[in-house]
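Read off the chains here:
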Amino acid sequence: MTPTAEPAQGHHRATYREVLAEPRFRLLFSTRAVAITAGSLRITTFSVLVFAATGSALLSALAFGIGFLPQLFGSLLLGSLADRLAPRALIAGGYALECAAALLLALMPMPMPIAASLGVVALVALATPVFGGASSRLVAQWLKGDAYVLGRSLNNSASSGAQLFGLALGGAVVAVLGPHRALAVSAALYLGCALAVRIRLPRLERGEFGGTPGGARGDGGAARASLHGAGLLLRNRTVRRLMLAQWLPPAFVTGAEGLIVAYAGGRHFAPGRYAVLMGCLPVGMLVGDLLVSRLLRPPTRVRLVVPLMALTGLPLVGFAAEPGVGVSSCLLLLRGFGWAYGLGLQRPFLDALPQDGQGQAFGLLGSGSMTLQGVGPACFGAVAAGIGTGGAIALAGGAAVLTAGWIRTWHPPPSPARNHSRGSEDGTEQHACSSPAGP
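Here the structure is a predicted model, which is why all the values come from computation and not from measurement.

Scoring rules and cut-offs
Residues numbered from 1 in each chain as written. Predicted model: local features only at pLDDT ≥ 70, side-chain atom pairs only at ≥ 80, totals over all residues. Heavy atoms only, no water. Helix = DSSP H or I, 4+ residues; strand = E, 2+ residues; numbered from the N terminus. Buried < 20%, exposed > 50% of the residue type's maximum accessible area, 1.4 Å probe, protein only. Areas by Shrake-Rupley, 256 points an atom, 1.4 Å probe, with all protein chains shown as cover. Core = buried A, V, L, I, M, F, W, Y, C linked by side-chain atoms within 4.5 Å. Contact = heavy atoms within 4.5 Å. Salt bridge = Lys/Arg side-chain N within 4 Å of Asp/Glu carboxyl O. Phe/Tyr/Trp six-rings, centres within 6.5 Å; stacked < 30°, edge-to-face > 60°. Expected span 1.5 Å × (residues − 1). Patch = residues over 30% accessible without salt bridge, like charges linked within 9 Å, V, L, I, M, F, W, Y side chains within 5 Å. pLDDT = per-residue confidence, 0-100. Axes fitted to C-alpha atoms, helices over the stretch in contact; angles between N-to-C directions. Parallel < 35°, antiparallel > 145°, perpendicular 65-115°, else oblique. Left-handed = near helix turned anticlockwise from the far one by under 90°. Nonpolar A, V, L, I, M, F, W, Y, C, P; charged D, E, K, R; others polar.

### Thoughts on the overall build of the chain
Counting secondary structure elements, the chain contains 20 helices and 0 strands. Scored against the burial criterion, the 439 residues of the chain give a buried share of 52%. Accessible surface computed for the chain: about 18,100 Å², of which carbon and sulfur atoms make up 68%.

Written out as structure tokens, the structure is:
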């Protein structure tokens, strides 16, 4: 079984040099990495400010995660704008909005109304899927064939690295400059991204963007068009399944990751050992992405989706035996390696999307993933209260393995030849069935 038919570009394996040779991708890639660093710095510093003002661990945690949940609502209500507005203005405006939010938090002294400060971050999060979807659409438009898959791989690796760097930078900058100046640094980074996109990204003509799924563009306002477009995307069986394949394993595995600190404490590991365990995850992810993207051809990546997805959860089942630091580290490294399963889904997902709704689809994909990854730790944290952290981590891993087994039962789509001929009629290539039946 394969999630969808093989891409029309065949067996050609792109290189990172080819991907980075595209100057417009380099611009989006570099500004996105800087923006993620700025976001991690802002999130960490804002959480520190809230805790200092209130002394509440709950409010501090809420400040840390308030930017995630609103993204799903933003995608559902505003997602069509990613396909309807000019990408350069939209992306630059998004970074400028992030800059304004960070600057507002920096200039308003604590104790400011906590509800107001949380509201500022939540409002910005509503717009995040819009300019994120527009950026992803441009990458899909400019990188062809396997170069697109490697471009997504580079973005994922940069995101992980930038998040870690931003969190580390946050601690250092807050210690040296204080939280308000640290927020100002975050605002300056966002401003630099906005200016770079506004100055260097070419302006697209109207014919190079526009449209929402099913022609919803003319059906009314942004909210109505967005809900209509999201409904059309989710009623497409192939799109829905490919989204679930990219949503569910991360949600389960993130639920397990959220218990690592508690697991280390419960096992009385030496102080700081939890950081070693947490560090194994991004290391495994980085190695897996590099090896799978560079050594395997596109059809092989598609065939390995299910085994690699199972690898994201199977090592976690070993935590039921409550292993020590060494074994736990090896298990988490293996878990991280399995994360490369997503590379085999990137091209099939793009090929399954309607040409006039890609921006909204990418925004929905990202916001849904972020929301479920925020829910996962809460759910498995509640489970851990009853069966212990080791058992809860194992249960999360088992859920990821079951998801891989479910995907293994999918029926193959129509033949590539049939889809290719259908795609040639409208200038696009569709490699996945669009039957609305089934989950």
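### Points about the environment of Asn156
The topology assignment puts Asn156 in helix 8 (residues 146-177). On a C-alpha basis, the gap between Asn156 and Ala33 in space is 9.8 Å, while along the polypeptide they are 123 residues apart.

### Quick word on the nonpolar core
Counting residues in each nonpolar core, the largest one holds 65 residues, and the members touching the most others are Ile91, Tyr95, Tyr148, Leu201 and Phe349. Looking at which element gives the most residues to this core, the answer is helix 7 (residues 114-142), with 8 residues. The residues touching Leu201, leaving out its near neighbours within four places in the chain, are Leu27, Leu28, Arg88, Ile91, Leu138, Trp142 and Ala196. One finds Ala256, Tyr263, Ile393 and Ala400 within the second-largest nonpolar core, a separate group that totals 20 residues.

### Details of the pattern of salt bridges
Taken as a whole and assessed by the stated rule, the structure comprises 6 salt bridges. Among the ionic pairs, Arg335 bridges to Glu257, the shortest N-O distance being 3.4 Å. Pair noted here: Arg335 is in helix 16 (residues 325-337) and Glu257 is in helix 11 (residues 237-257), with a separation of 78 residues, a long-range link. Note on accessibility: Arg335 and Glu257 belong to one class, buried.

### Brief notes about the packing of aromatic side chains
As enumerated under the stated definition, the model contains 7 aromatic pairs in all. Considering the side-chain rings of Tyr263 and Phe269, the 6.0 Å spacing of their centres and the 80 degrees angle between planes classify their relative orientation as edge-to-face. Ring geometry for Tyr263 versus Phe319: centroids 5.2 Å apart, planes at 75 degrees, classification edge-to-face. In this pair, Tyr263 sits in helix 12 (residues 260-266) while Phe319 sits in the loop between helix 15 (305-317) and helix 16, placing the two residues 56 residues apart along the sequence.

### A look at the environment of Gly119
As for its placement among the helices and strands, Gly119 is situated in helix 7. Each C-alpha atom, one on Gly119 and one on Ala63, is 10.0 Å from the other, the two residues being 56 residues apart in sequence.

### Concerning unusual backbone geometry
Of note, His268 is a non-glycine position whose phi angle comes to about 60 degrees, a positive value. By the secondary structure assignment, His268 is in the loop between helix 12 and helix 13 (273-295).

### With respect to helix 10 (residues 222-235)
Helix length check: helix 10, at 14 residues, gives a terminal C-alpha distance of 20 Å against a target of 20 Å (1.5 Å per residue), a fit within 8%. Regarding helix 10, the residues found buried are Ala225, Ser226, Gly229, Ala230, Gly231 and Leu233. In this fold, the buried residues of helix 10 make contact with helix 4 (70-78), helix 5 (81-84), helix 11 and helix 18 (358-387).

### Topic: the side chain of Glu22
Here Glu22 is to be found in the loop between helix 1 (16-20) and helix 2 (23-54). The residues contacting Glu22, other than those within four sequence positions of it, are Trp142 and Leu143.

### Focus on the environment of Ala162
Mapped onto the fold, Ala162 is located in helix 8. Residue classification places Ala162 among the buried residues on the basis of a relative accessible area of 7%. The spatial distance from the C-alpha of Ala162 to the C-alpha of Thr37 is 4.9 Å, given a sequence separation of 125 residues. For Ala162, the contacting residues outside a window of four places in its chain are Ala33, Ile36, Thr37 and Ser40.

### With respect to a nonpolar patch on the surface
Taken together, the side chains of Val283, Val287, Leu291, Leu295 and Leu333 present a nonpolar region at the surface, about 400 Å² in accessible area. With 4 residues, helix 13 is the single largest residue contributor to the nonpolar patch. With respect to the helices and strands, Leu333 occurs in helix 16.

### Focus: the confidence of the model for the chain
Across the chain, the average pLDDT comes to 80, with 82% of residues at or above 70. Ranking the elements of the chain by mean pLDDT puts helix 20 (residues 416-424) last, at 39, and helix 15 first, at 95. When the criterion is pLDDT under 50, residues 4-9 qualifies, and its contacts beyond four places in sequence or with other chains add up to 21 contacts. Counting contacts from residues 413-439, a segment whose pLDDT is below 50, to residues more than four positions away or on other chains yields 55 contacts.

### Quick look at the packing of helix 4 against helix 7
Orientation of helix 4 relative to helix 7, taken along the N-to-C sense of each, is 55 degrees, at an axis distance of 7 Å. One finds that helix 4 runs oblique with respect to helix 7. Taken as a pair, helix 4 and helix 7 cross one another with a handedness that is right-handed. Taking contact as the criterion, the partners of Pro70, Gln71, Phe73, Gly74, Ser75 and Leu78 in helix 4 are, on helix 7, Ala122, Ala125, Leu126, Thr128, Pro129 and Val130. Of the residues contributing to the contact of helix 4 with helix 7, the split by class is 8 nonpolar, 4 polar and no charged.

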